[in-house]
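Here is what each chain is made of, one letter per residue.
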Amino acid sequence: MPPRIWLVHATAFFTLSTEALIGLLLPLLAVDRGLPPAMLGAMVAVGSVGSLLLAVPAGALCDYFGDRRLLIAMALIMAVTSALYPVAVWLPALALVQIFGGVARSNTWVAAQSYGVRAIDDAQRHRFTGHFSFAASIGMLVAPLGAGYCMEIWGVDAGFFFMAIWAGVVAVVACILPEHERPPRSGRRASVWSVSRGSYAAAWPLLFRPMLLLLLTLTLLRLSGAAMNATFFPVHLEQVGMSHFTIGLLVAVINAGNSVGSLLAAPLVKRGSSGAVIFLSMAVSTVSMALIPAFQDQLAITLLTLIHGTALGISLPILLAGLARHSKPQERGLVLALRAVFNRVGYLIAPLALGCLVAGYDILTAFLVLAAVVLTLLAVTYLLWRRGQQNQAAA
């Protein structure tokens, strides 16, 4: 494997894992500070506001200025914001840190994916996306273990300082990456503002491609279901008496399942249709996570988290390959940015809904209600997917 591809996989290892870290650390910080459930839901959701608004410009900036430059800039911002969580004791200050941190975390992943899909040719894309997803999943396995160990010894704040160091490594790896060759552009060099302003106009027509829109909708539903493990999953584990290290270990189990699932995706697609594999895996991942609050036994919780992570991991490489297949090379930064937008819509709505439901009922009821909504929307999306496939076959 060429050194450049090793470095691309290293970006996957270090970037997506920051989402696993914040999903572990923020709920525990909220518990440590005594925040009510609705406030925890709001804090998780507010991390999606900035990235929801800025993901599309980030994709356009990837296309225009280069993935590597954006990756370096966002990684540095991520390192700074990660170190600020422990000192942001005033709630509005914590919300601001979460907004800027959310932008940085989301856009490092956009830039890493955009760099990766440009670094590989079409013939190797399915294999590459499986390996890329596997590297990201291994990072999500290692990072929570490291953070959990730090918290067990030095407290919750130490987990955020661990994340700051982790983000600094992202910047170092990005600096080593070679710059992509970009086609020459005619006329004057555009400013960051002009590229960002035009990005929404450029992205809007992409939403009128039926299969692309369905794939983006699936990313929203996938992350809406996964929002359960980034909000009240760690809270439930602490309520049943588990230590911070054990909680980090169980988050790592989810991501270990992700690693296995990402490698299973290609063989499963060869034996069946990509549509059946992706919809079934998303349904299984949603149901398994929704059932966890019904249990206090560590073995049962571990088994369900492993099932959840494996099923969740199967869907990611199929989604990435589908988005690449239904877009042109020069559009992929924007397409991946739209994926980040749809992800963030899920991460905005689901935590707010969970916070309100937990405040009114309990964690189990909240998880089951959200799972029922996601499964219903998945069924509708599957019917539309089948119709789209039949129309393509008829044409």
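Residues numbered from 1 in each chain as written. Predicted model: local features only at pLDDT ≥ 70, side-chain atom pairs only at ≥ 80, totals over all residues. Heavy atoms only, no water.

### Some words on the environment of L220
Piece 1. The residue L220 is located in helix α10 (residues 210-226) in this model.
Piece 2. Separated by 122 residues in the primary sequence, L220 and F342 place their C-alpha atoms 4.9 Å from one another.
Piece 3. In this structure L220 touches F342, V345 and G346, once residues within four positions along its chain are discounted. (Helix = DSSP H or I, 4+ residues; strand = E, 2+ residues; numbered from the N terminus. Contact = heavy atoms within 4.5 Å.)

### Side note on helix α13 (residues 274-291)
Piece 1. Counted at 1.5 Å a residue, the expected span for α13 with its 18 residues is 26 Å, and the 26 Å between its end C-alpha atoms agrees.
Piece 2. Among all positions in α13, only S274, G275, V277, I278, F279, S281, M282, S285, T286, S288, M289 and A290 are buried. (Expected span 1.5 Å × (residues − 1). Buried < 20%, exposed > 50% of the residue type's maximum accessible area, 1.4 Å probe, protein only.)

### Observations regarding the side chain of S224
Piece 1. With respect to the helices and strands, S224 occurs in helix α10.
Piece 2. Exposure remark for S224: the relative accessible area of 8% places this residue in the buried category.
Piece 3. In this view, S224 contacts G346, A350, L370 and V374; residues no more than four positions away in its chain are not counted.

### Here we look at the packing of helix α12 (residues 244-271) against helix α14 (residues 298-325)
Piece 1. Where α12 contacts α14, the axes come no closer than 5 Å and their chain directions differ by 40 degrees. What the angle tells us is that α12 and α14 run oblique. Crossing handedness for the pair α12 and α14: right-handed. (Axes fitted to C-alpha atoms, helices over the stretch in contact; angles between N-to-C directions. Parallel < 35°, antiparallel > 145°, perpendicular 65-115°, else oblique. Left-handed = near helix turned anticlockwise from the far one by under 90°.)

### Section: the pattern of salt bridges
Think of it this way: side chains of opposite charge can pair up when their charged atoms draw near.
Piece 1. Counted by the stated rule, this structure contains 1 salt bridge.
Piece 2. E19 is the salt-bridge partner of R344, the closest N and O atoms lying 2.3 Å from each other. Of this pair, R344 sits in helix α15 (residues 332-360) while E19 sits in helix α2 (residues 17-33), and the two are 325 residues apart along the sequence. Of the two residues, R344 and E19, both sit in the buried class. (Salt bridge = Lys/Arg side-chain N within 4 Å of Asp/Glu carboxyl O.)

### Considerations on the packing of aromatic side chains
Piece 1. Under the criterion given, the structure shown has 8 aromatic pairs.
Piece 2. An angle of 70 degrees between the planes, with centres 4.8 Å apart, marks the rings of F279 and Y382 as edge-to-face. In this pair, F279 is assigned in helix α13 and Y382 in helix α16 (residues 363-394), connecting sequence segments 103 residues apart.
Piece 3. For Y382, a relative accessible area of 26% gives the class partly exposed.
Piece 4. Joined through ring pairs, the aromatic side chains of F13, F14, F162 and W166 make up one cluster. (Phe/Tyr/Trp six-rings, centres within 6.5 Å; stacked < 30°, edge-to-face > 60°.)

### Thoughts on a nonpolar patch on the surface
Piece 1. Together, Y149, I153, W154, F245 and L249 make up an exposed nonpolar region whose accessible area comes to about 540 Å².
Piece 2. Sorting elements by how many residues they give to the nonpolar patch places helix α7 (residues 125-154) first, with 3 residues.
Piece 3. For W154, a relative accessible area of 62% puts it in the exposed group. (Patch = residues over 30% accessible without salt bridge, like charges linked within 9 Å, V, L, I, M, F, W, Y side chains within 5 Å. Areas by Shrake-Rupley, 256 points an atom, 1.4 Å probe, with all protein chains shown as cover.)

### With respect to the environment of A371
Piece 1. Checked against the element boundaries, A371 lands in helix α16.
Piece 2. Assessed through its relative accessible area of 5%, A371 is described here as buried.
Piece 3. Residues A371 and T286 lie 85 residues apart in sequence; the distance between their C-alpha atoms is 5.9 Å.
Piece 4. Setting aside residues no more than four positions away along its own chain, A371 makes contact with T286 and A290.

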